[in-house]
Amino acid sequence: MGARPLRVAVVGAGAFGRNHLRVYRELQNAGHDVQLVAVVDQDAAVAAEAAAKFGVPGFDSVAACLSAVGSLDAASVCVPTVHHATAAEPLLASGVDLLIEKPLAASLADADRILELARRHGRVVQTGHLERFNPAVTAARRHLNRPMFFEAHRLSIFTARSLDVDVVLDLMIHDLDIVLSLVESPVREVRAVGLPVLSNKVDIANVRLEFENGCVANFTASRVSTERVRKLRFFQPKEYVSIDYGRQDVFQIRVTQEEKFSLHNLMAFAETPSTLPIPGVTLNKPKVEAEEPLRAELKSFLHAVRHREKPVVALEDGRRALAAALSILSAIEEHTKRAQIQSL
């Protein structure tokens, strides 16, 4: 590829796709080695609107795009999840490296199809797990020391976005990917409950995962909340770490003496920490280098493309998170039958 700008396109011009278009254009304008050359959306009117806004040609199919603009180096696939494999196939076959929005696919069969195509054509493919690039997560990783308990909350106000998937694949999968990457141990047991509330898919879910190494993680995700919350807390020997994804903030409590604190009191204290010194306890707010996660994600993807490196969030990571999410959905279905809950 030399030093020429990487030619990129965005496939799917919905809410996610428009953000990808915006950031690619911002990176190009800031002097990064990238050139936004096209947008694709099967809705011709949506493609035309995005094309006019970002000053690039718009097309209603990948085939039309490749025929008109010539070779591409990379593309973001931001179509609905059920179409990820179909959209990825012609791009991979044409030698295009891909960032595929999360979840990687709607099924493990589709995920394996993408994996096989990427290997066959020798392509770099990154899964779009955005929170991996949240600066707060990056800062917290530096303090990792065998975490044994996680508590994740991701609550959102109801919108009509992403109703093609349930809340586990829509929201919870962010935290699943983060925890799986931090624990690095196989899942041993899954317990889950979930309900449809305002849609015909699961809108709220609570999950408990136990890993082979003994770590336990609790997840709560809702898209029918009255507030927006995105937090992850974890406990490790003599230490508590709290991540606020939205504020890009990390808070750390470390026990330096043989003091005893209940889990409940420690979590409560972390939410409203005292300004007074506490014997045996140190409070710390690790430095966080603020950056829009999507900008960091796309920069990382372009670096992997340019240098032919394995992406930070590889295809295998995307498949792992998808497998965990699908096992949770199976557990929710089993619980629904056992509890004789009537779905909408």
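Anything mentioned here points back to the structure above.
My aim in this report is to walk through the structure given alongside it, one point at a time. (Residues numbered from 1 in each chain as written. Predicted model: local features only at pLDDT ≥ 70, side-chain atom pairs only at ≥ 80, totals over all residues. Heavy atoms only, no water.)

1. So, the pattern of salt bridges
Step number 1: With the rule as written, the count across this model stands at 28 salt bridges.
Step number 2: Taking the shortest distance from any N to any O, the salt bridge between Arg 306 and Asp 33 comes out at 2.8 Å. Of the two residues, Arg 306 sits in helix 9 (residues 293-307) while Asp 33 sits in the loop between helix 1 (15-29) and strand 2 (34-40), which places them 273 residues apart along the sequence.
Step number 3: Classification of Arg 306 by relative accessible area gives buried; the value is 15%. (Salt bridge = Lys/Arg side-chain N within 4 Å of Asp/Glu carboxyl O. Helix = DSSP H or I, 4+ residues; strand = E, 2+ residues; numbered from the N terminus. Buried < 20%, exposed > 50% of the residue type's maximum accessible area, 1.4 Å probe, protein only.)

2. Digging into the packing of helix 7 (residues 167-183) against helix 10 (residues 315-339)
Step number 1: Between helix 7 and helix 10, the least distance of the axes is 9 Å, while the angle of their chain directions is 120°. Our classification of the angle between helix 7 and helix 10 gives oblique. Helix 7 and helix 10 meet at a crossing whose hand is right-handed. Within the contact between the two elements, helix 7 uses Val 168, Leu 169, Met 172, Ile 173, Leu 176, Asp 177, Leu 180 and Ser 181 and helix 10 uses Asp 317, Arg 320, Ala 321, Leu 322, Ala 324, Ala 325, Ile 328, Leu 329 and Ile 332.
Step number 2: In terms of residue class, the contact of helix 7 with helix 10 is made up of 13 nonpolar, one polar and three charged. (Axes fitted to C-alpha atoms, helices over the stretch in contact; angles between N-to-C directions. Parallel < 35°, antiparallel > 145°, perpendicular 65-115°, else oblique. Left-handed = near helix turned anticlockwise from the far one by under 90°. Contact = heavy atoms within 4.5 Å. Nonpolar A, V, L, I, M, F, W, Y, C, P; charged D, E, K, R; others polar.)

3. Considering unusual backbone geometry
Step number 1: Here the residue pair Lys 102 and Pro 103 is connected by a cis peptide bond, since its omega of -15° sits within 30 degrees of zero.
Step number 2: A positive phi angle is found at Arg 146, which is not glycine, with a value near 55°.
Step number 3: Tracing the sequence through the fold places Arg 146 in the loop between helix 6 (135-141) and strand 7 (149-155).
Step number 4: By relative accessible area, Arg 146 is classed as exposed at 55%.

4. Concerning a nonpolar patch on the surface
Step number 1: On the surface, a nonpolar cluster with roughly 310 Å² of combined accessible area is contributed by Leu 195, Val 197, Leu 198 and Ile 204.
Step number 2: Residue position: Leu 195 is located in strand 8 (residues 187-195). (Patch = residues over 30% accessible without salt bridge, like charges linked within 9 Å, V, L, I, M, F, W, Y side chains within 5 Å. Areas by Shrake-Rupley, 256 points an atom, 1.4 Å probe, with all protein chains shown as cover.)

5. Looking at the packing of aromatic side chains
Step number 1: Using the criterion set out here, one finds three aromatic pairs in the structure.
Step number 2: Note on Phe 149 and Phe 235: the rings are 5.9 Å apart at their centroids and 45° apart in plane angle, and the pair reads as tilted. Here Phe 149, found in strand 7, pairs with Phe 235, found in strand 11 (residues 229-236); they are 86 residues apart in sequence, far enough to count as distant.
Step number 3: Residue classification places Phe 235 among the buried residues on the basis of a relative accessible area of 11%.
Step number 4: Measuring from centroid to centroid gives 5.5 Å for Phe 150 and Phe 234, while their planes differ by 40°, and the two rings are tilted. Of this pair, Phe 150 sits in strand 7 while Phe 234 is found in strand 11, placing the two residues 84 residues apart along the sequence.
Step number 5: By the ring-pair criterion, three or more aromatic residues cluster together here, those being Phe 149, Phe 235 and Tyr 240.
Step number 6: Positioned over the ring face of Tyr 245 is Arg 154, at 4.6 Å from the centre of the ring. (Phe/Tyr/Trp six-rings, centres within 6.5 Å; stacked < 30°, edge-to-face > 60°. Lys NZ or Arg CZ within 6 Å of the ring centre and 35° of its normal.)

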